[in-house]
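Structural overview for review
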Amino acid sequence: MARAATTTDAFNAIAEPRRREILDLLAGGERPVNDLVGATGLTQPQVSKHLRVLREVGAVTVREQGRQRLYRLVPLALKPIHDWVRDYERLWEERFTELDAVLDDLRAKEEDDGDDE
Amino acid sequence: MAMTSSGRATVELKGDREILITREFDAPAALVYRAWTDPELVPRWWTAKRGTMDVCEIDLRVGGAWRYVMTAEGGFEVGFHGEYREIVPGERLVHTEVYEGMPDAAALDTITYEERDGRTLVTMLVTHELPEHRDAHIASGMEHGLQDALDLLEETARSLA
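Computed from a predicted model, the values in this text were never measured in an experiment.

With that out of the way, let us pick up the overall build of chain B. Each helix and strand counted, chain B has three helices and eight strands in total. Every one of the 161 residues in chain B was classed for burial, and the buried ones make up 22%. Contacts spanning at least 24 positions in sequence make up 31% of the contacts within chain B whose residues lie at least 6 apart.

This is the structure in structure tokens:
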């Protein structure tokens, strides 16, 4: 039971879009909170809240350096999950790109029909 | 008014049983709904150019069945089917969804089409009965195994404890 709760909680923690954005930023290297605030456009309390969730599931670690708190990605364990959520998103985006083309066709046909009337 | 192209799809996991997919389209809701529910049109987009659609059956009435089967490149066949529960043309569609590789795990899909200024926001909420079904659904058809990822994650969580 504990196992299911652990994996499910972690899974959700990583899959939330804003937290994925933060993980993407940290994939480029260790960064202080202020950097993340600037890059995401979120407020400091919002970023801190997301970082706390990510720490709780082991997705990031933190260390103090002077007055700064530097956050670092724990890459190996979390990348696979991160990757396949993105893969799933890519599948839907590819479907929707095709759907865009279908919609273009339908609109063009409607316009033709309109001309005939 | 700034003209933007269609939006990008986002996938979000809500709670422990739901998947939310959203995407904006540069077309009115009636057209998006038509492309979504016409068996002549669905095969043109649902395969995402990853294979051929062998079956596309849509009996669009409450209690009616749907079934999609695709043969992916490499010969792997995937099938899905379900039953329509609620139909409001151009606005809302609710149906069950069963991945035929995991026939005991049915999900409920709620799709809404919201039109504003000629554009349509589509939201598709997939609700599973059990958290394990949700995770397995996302893993199905993926190249990277979910189980590997979860095992790695569990190791990490343990190492922190």
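Let us keep going from here.
A few words now on the sheet that holds strand β3 (residues 68-73) of chain A. All names here are of chain A. Taken in spatial order, the three strands make up an open sheet running β1-β3-β2, and their pairing is antiparallel. For this open sheet the edge positions go to β1 (31-32) and β2 (60-65), each flanked by a neighbour on one side alone. In terms of strand pairing, β1 meets β3 through two bridges, oriented antiparallel. Bridged to Arg31 within β3 is Tyr71. Of the strands in this sheet, β1, β2 and β3 are in contact with helix α2 (residues 17-27), which crosses β3 at around 95°.

Right, let's get into the nonpolar core. Counting 43 residues, the largest nonpolar core has Leu54(A), Ala59(A), Val60(A), Leu103(A), Val11(B), Val32(B) and Ala35(B) as its most contacted members. Considering each element in turn, this core owes the most residues, seven residues, to helix α5 (residues 75-116) of chain A. The contacts of Val11(B), once residues within four sequence positions are left out, are Val85(A), Tyr88(A), Glu89(A), Trp92(A), Ile19(B) and Ile21(B).

Turning our attention to the packing of α2(A) against helix α3 (residues 33-40) of chain A. Residues and elements named next belong to chain A. Across the interface, α2 lies against α3 with an axial gap of 11 Å and an inter-helix angle of 120°. Taken together, the axes of α2 and α3 lie oblique to each other. Considering how the two elements wind past one another, α2 and α3 form a crossing that is right-handed. Residues Arg18, Glu21, Ile22 and Leu25 of α2 form the contact with α3, whose participating residues are Leu36, Ala39 and Thr40. Looking at side-chain class alone, the contact of α2 with α3 contains four nonpolar, one polar and two charged residues.

Residue and element names in this part refer to chain A. Every buried residue of α2 is accounted for by Arg19, Ile22, Leu23 and Leu26. Along the axis of α2, the buried residues cluster in a sector spanning 100°; they form a single face. Just past α2, the residue Gly29 takes up positive phi, approximately 135°.

Moving on: the pairing of strand β7 (residues 106-116) of chain B. Residue and element names in this part refer to chain B. Bridging between strand β6 (residues 92-99) and β7 involves seven bridges; their strand directions are antiparallel. Among the inter-strand pairings, Val98 is bridged to a residue of β7, identified as Ala106. Counting the residues between successive antiparallel strands, the hairpin from β6 to β7 contains six residues. Once β7 ends, the chain turns through two residues before running back antiparallel as strand β8 (residues 119-128), passing Asp117 with a positive phi of about 50°.

The next subject is the sheet that holds strand β1 (residues 10-14) of chain B. Residues and elements named next belong to chain B. The sheet built from eight strands is open, its strands ordered β1-β2-β8-β7-β6-β5-β4-β3 with antiparallel pairing. Each edge of the open sheet is held by one strand with a lone partner, namely β1 and β3 (51-58). Ignoring which end each strand starts from, the neighbouring axes of this sheet average 20° apart. As paired elements, β7 and β8 share ten bridges and run antiparallel to each other. Opposite Tyr113, over in β8, you have Val122 as the bridge partner. Seen against the sheet, helix α1 (residues 29-37) touches β2 (18-25), β3, β7 and β8 and runs at an angle of roughly 150° to β7.

All names here are of chain A. Bridge count for β2 against β3 is six bridges, and the pairing is antiparallel. Its bridge partner being in β3, Val60 is matched across the sheet by Leu73. The loop that links β2 with its antiparallel partner β3 comprises two residues; one of these, Gly66, has a positive phi angle of about 60°.

Take the confidence of the model for chain B next. In low-pLDDT segments, the atomic positions of the prediction should not be examined closely. All names here are of chain B. Considering every residue of chain B, the mean pLDDT works out to 83; 80% of them sit at 70 or more. At the low end of the mean pLDDT range in chain B sits helix α3 (residues 146-160), at 52; at the high end sits β7, at 96. Across residues 141-146, confidence stays below pLDDT 50; counting only partners more than four residues off in sequence or on other chains, it has twelve contacts. In the model output, the complex is listed with pTM 0.70 alongside ipTM 0.80.

How each quantity is defined
- Residues numbered from 1 in each chain as written.
- Chains lettered and ligands numbered in written order.
- Predicted model: local features only at pLDDT ≥ 70, side-chain atom pairs only at ≥ 80, totals over all residues.
- Helix = DSSP H or I, 4+ residues; strand = E, 2+ residues; numbered from the N terminus.
- Buried ≥ 20, exposed ≤ 12 C-beta atoms within 10 Å, placed from the backbone.
- Contact = placed C-beta atoms within 7 Å.
- Pairing = 2+ DSSP bridges.
- Axes fitted to C-alpha atoms, helices over the stretch in contact; angles between N-to-C directions.
- Core = buried A, V, L, I, M, F, W, Y, C linked by C-beta atoms within 7 Å.
- Parallel < 35°, antiparallel > 145°, perpendicular 65-115°, else oblique.
- Left-handed = near helix turned anticlockwise from the far one by under 90°.
- Nonpolar A, V, L, I, M, F, W, Y, C, P; charged D, E, K, R; others polar.
- Arc of directions from axis to C-beta.
- pLDDT = per-residue confidence, 0-100.

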